[in-house]
Amino acid sequence: MSLAIETHNLTKRYGELVAVDSINITVKQGEIFGLLGPNGAGKTTLIAMLSTMLRPTQGTAKVNGFDIISQPDSVRRSIGIVFQEPSVDDELTGLENLQLHAMWYGVD
């Protein structure tokens, strides 16, 4: 079975603060996986790196077989993400918001 997520020593530092410390995980395609931890544990930072929104300080990862550093567009095309905070403009209609986001991400 192929892997959905594979990380190798994935790390994110902000100066002296280590937000994600050399994490190594594998998640198989079709596997249900939960990421648990207290506030400040690095969960959001890890997801941001895996979704290519944030570049790791060191290490690497693959999502659906695509490298998050060298193939970010392929990673983004292969996943879906729902943000915790709204990312819509309340001055636009629902359709206009969808069209705007599609334009940003190159979706027809």
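All of the points below concern the structure found in this document. (Residues numbered from 1 in each chain as written. Predicted model: local features only at pLDDT ≥ 70, side-chain atom pairs only at ≥ 80, totals over all residues. Heavy atoms only, no water.)

Take the environment of Thr60 next. One can find Thr60 in strand 4 (residues 58-63). Separated by 50 residues in sequence, Thr60 and Leu10 have C-alpha atoms that sit 5.4 Å apart. Setting aside residues no more than four positions away along its own chain, Thr60 makes contact with Glu6, Thr7, His8, Leu10, Asp67 and Ile69. Side chain to side chain, Thr60 and Asp67 meet in a polar contact 3.0 Å long. (Helix = DSSP H or I, 4+ residues; strand = E, 2+ residues; numbered from the N terminus. Contact = heavy atoms within 4.5 Å. Polar contact = N/O pair within 3.5 Å; in protein donor to acceptor, adjacent residues only side chain to side chain.)

A separate point is unusual backbone geometry. A positive phi angle, close to 70°, is found at Thr52, a residue other than glycine. With relative accessibility at 14%, the residue Thr52 sits in the buried group. Located in the positive-phi region is Asn64, a residue other than glycine, with phi close to 55°. For Asn64, the location among the structural elements is in the loop between strand 4 and strand 5 (66-67). (Buried < 20%, exposed > 50% of the residue type's maximum accessible area, 1.4 Å probe, protein only.)

As judged from the five bridges shared by strand 1 (residues 3-14) and strand 4, these two strands associate in the antiparallel manner. Each residue of the ladder has a partner; that of Thr7, found in strand 4, is Ala61. Of the strand pairs in this sheet, strand 4 and strand 5 are connected by two bridges, and their pairing is antiparallel. Bridging from a neighbouring strand, Val63 pairs with Phe66 of strand 5. The turn linking strand 4 back onto strand 5 is made up of two residues, and Asn64 within it adopts a positive phi angle of 55°. (Pairing = 2+ DSSP bridges.)

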